[in-house]
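# Structural features, examined
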Amino acid sequence: MLSDPHGCYQELKEILTHWKPQEQTLLLLGDIVDRGPSSLECLRLIMQLQEKGNMITVGGNHEQLLCE
């Protein structure tokens, strides 16, 4: 389970090195964007990983704010 990367791309990549997608399903609990310097890069990375499977993503309140 992972939540609140808030646009911190390098930190998100580092955390994801501990995920074993062949063995584990990652639950990402939102707040991918906002505050950090690299929201777009975080979104792109998550979208690429979702295509490979074994990931469930739930939008957070920061994503909801951007959609309003």
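Scroll up to find the structure this text is about.
Here we summarise the structure given alongside this text.

Reading the values: rules and limits
- Residues numbered from 1 in each chain as written.
- Predicted model: local features only at pLDDT ≥ 70, side-chain atom pairs only at ≥ 80, totals over all residues.
- Heavy atoms only, no water.
- Axes fitted to C-alpha atoms, helices over the stretch in contact; angles between N-to-C directions.
- Helix = DSSP H or I, 4+ residues; strand = E, 2+ residues; numbered from the N terminus.
- Parallel < 35°, antiparallel > 145°, perpendicular 65-115°, else oblique.
- Left-handed = near helix turned anticlockwise from the far one by under 90°.
- Contact = heavy atoms within 4.5 Å.
- Nonpolar A, V, L, I, M, F, W, Y, C, P; charged D, E, K, R; others polar.
- Expected span 1.5 Å × (residues − 1).
- Buried < 20%, exposed > 50% of the residue type's maximum accessible area, 1.4 Å probe, protein only.
- Arc of directions from axis to C-beta.
- Core = buried A, V, L, I, M, F, W, Y, C linked by side-chain atoms within 4.5 Å.
- Patch = residues over 30% accessible without salt bridge, like charges linked within 9 Å, V, L, I, M, F, W, Y side chains within 5 Å.
- Areas by Shrake-Rupley, 256 points an atom, 1.4 Å probe, with all protein chains shown as cover.
- Salt bridge = Lys/Arg side-chain N within 4 Å of Asp/Glu carboxyl O.

## What to know about the packing of helix H1 (residues 9-16) against helix H2 (residues 39-52)
- Where H1 meets H2, the axes come as close as 9 Å, and the angle between the chain directions of the two elements is 30°. In terms of orientation, H1 and H2 fall into the roughly parallel class. In the crossing of H1 with H2, the sense of the turn from one axis to the other is right-handed. Across from Tyr9, Leu12, Lys13 and Leu16 in H1, the residues of H2 making contact are Glu41, Cys42, Leu45, Ile46 and Leu49.
- A class-by-class count of the residues in the contact of H1 with H2 yields seven nonpolar, no polar and two charged.

## As for H2
- Taking 1.5 Å per residue, 14 residues should reach 20 Å; H2 reaches 21 Å between its end C-alpha atoms and fits that length.
- Buried within H2 we find Ser39, Cys42, Leu45, Ile46 and Leu49. One side of H2 holds all its buried residues, which, seen down the axis, span an arc of 125°. Facing away from the buried side of H2, by more than 90 degrees, are the exposed residues Met47 and Glu51.
- Among the structural elements, H1, strand E1 (26-28) and strand E2 (55-57) are those in contact with the buried residues of H2.
- Immediately downstream of H2, the backbone of Gly53 shows phi near 90°, a positive value.

## With respect to the environment of Gln10
- The topology assignment puts Gln10 in helix H1.
- Taking the C-alpha atoms as reference points, Gln10 and Glu41, 31 residues apart in sequence, are found 9.4 Å from one another.

## Description of the nonpolar core
- Counting residues in hydrophobic clusters, the biggest one holds 13 residues, and the most contacted among them are Leu12 and Leu16.
- No other element matches H2, which puts four residues into this core.
- In this structure Leu12 touches Leu2, Pro5, Cys42, Leu45 and Ile46, once residues within four positions along its chain are discounted.

## Thoughts on a nonpolar patch on the surface
- On the surface, Met1, Leu29, Ile56 and Val58 cluster together into a nonpolar patch covering about 400 Å² of accessible area.
- Relative to the assigned elements, Leu29 resides in the loop between E1 and H2.

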